[in-house]
Amino acid sequence: MSEKNKGKYKKLVLGIVLDLIGMLSFVIPGIGEFSDIIWAPMSGWIMTRLYKGRAGQVGGVVSFVEELVPGLDIIPTFTIMWFYTYVFKREDSAKDKLADAK
């Protein structure tokens, strides 16, 4: 496996761990939602560091809002962003290159 692929999968594992940290607020009802006030900005900042550019900025805002709004902690924002970056976006760029070649 190439170094690029290793880094990609390390980012997936880190994203899953970060999503689990965000879901921890469900463990302690009431007090857990207060912890989201601290975790929401950290989550948004981490997202912008993991994914550069416009996608990372939008992901950071989405992550921040998702963690701040009660009940939305179940959404695995970091994992969804990984799939967007390394699975769906990659396919779109391959289609664009194929269309440009014609």
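Residues numbered from 1 in each chain as written. Predicted model: local features only at pLDDT ≥ 70, side-chain atom pairs only at ≥ 80, totals over all residues. Heavy atoms only, no water.

### Focus on the overall build of the protein chain
Alright, step 1. Looking only at helices and strands, the protein chain has 4 helices and 0 strands in total.
Alright, step 2. Secondary structure elements in the protein chain, listed N-terminal to C-terminal, are α-α-α-α.
Alright, step 3. Taking all 102 residues of the protein chain together, 30% fall into the buried category.
Alright, step 4. Accessible surface, the protein chain: about 6900 Å² in total, of which carbon and sulfur atoms supply 71%. (Helix = DSSP H or I, 4+ residues; strand = E, 2+ residues; numbered from the N terminus. Buried < 20%, exposed > 50% of the residue type's maximum accessible area, 1.4 Å probe, protein only. Areas by Shrake-Rupley, 256 points an atom, 1.4 Å probe, with all protein chains shown as cover.)

### Focus on the environment of Thr-48
Alright, step 1. Note that Thr-48 resides in helix α2 (residues 31-50).
Alright, step 2. A C-alpha to C-alpha distance of 8.3 Å links Thr-48 and Val-58, two positions 10 residues apart in sequence.
Alright, step 3. The contact partners of Thr-48, leaving out residues within four places of it in the chain, are Gly-56, Gln-57 and Gly-60.
Alright, step 4. Of the polar contacts made by the side chain of Thr-48, one reaches the backbone oxygen of Trp-45; its length is 2.6 Å. (Contact = heavy atoms within 4.5 Å. Polar contact = N/O pair within 3.5 Å; in protein donor to acceptor, adjacent residues only side chain to side chain.)

### Thoughts on the UniProt feature "transmembrane region" (unreviewed entry) in the protein chain
Alright, step 1. Cross-referencing UniProt, the feature "transmembrane region" (unreviewed entry) maps to residues 12-32 and 68-88 in the present numbering.
Alright, step 2. From the first C-alpha to the last, residues 12-32 spans 25 Å; its make-up is 67% helix and 0% strand.
Alright, step 3. Strand forms 0% of residues 68-88 and helix 62%; the C-alpha atoms that close the span are 27 Å apart. (UniProt positions renumbered as here; feature names shortened; annotations may be inferred.)

### Comments concerning the packing of aromatic side chains
Note on aromatic pairs: each is described by the distance of the centres and the angle between the planes.
Alright, step 1. Under the defined criterion, the tally for this structure stands at 3 aromatic pairs.
Alright, step 2. Between Trp-82 and Phe-83, the ring centres sit 5.1 Å apart and the planes meet at 90°, which makes this aromatic pair edge-to-face.
Alright, step 3. Centroid distance Trp-82 to Tyr-86: 5.5 Å. Interplanar angle 40°. Geometry classified as tilted. A residue pair is termed a helical-turn pair when its members lie 3 or 4 positions apart in one helix, as Trp-82 and Tyr-86 do in helix α4 (residues 77-101) at 4 residues.
Alright, step 4. The buried category is assigned to Trp-82, whose relative accessible area is 5%.
Alright, step 5. Members of the aromatic cluster, joined through ring pairs, are Tyr-9, Trp-82, Phe-83 and Tyr-86. (Phe/Tyr/Trp six-rings, centres within 6.5 Å; stacked < 30°, edge-to-face > 60°.)

### Observations concerning the nonpolar core
Across soluble globular proteins, you tend to see nonpolar side chains buried next to one another.
Alright, step 1. Judged by nonpolar contacts, Leu-12, Leu-18, Trp-39, Ile-46, Met-47, Leu-50, Tyr-51, Ala-55, Phe-78, Met-81 and Trp-82 together constitute the single largest core of 11 residues.
Alright, step 2. Going through the elements one at a time, α1 (3-23), α2 and α4 are the ones with two or more residues in this core.
Alright, step 3. By residue number, the principal contributor to this core is α2, which donates 4 residues.
Alright, step 4. When sequence neighbours within four positions are dropped, the list of residues in contact with Tyr-51 reads Lys-11, Gly-56, Phe-78, Met-81, Trp-82, Thr-85 and Tyr-86. (Core = buried A, V, L, I, M, F, W, Y, C linked by side-chain atoms within 4.5 Å.)

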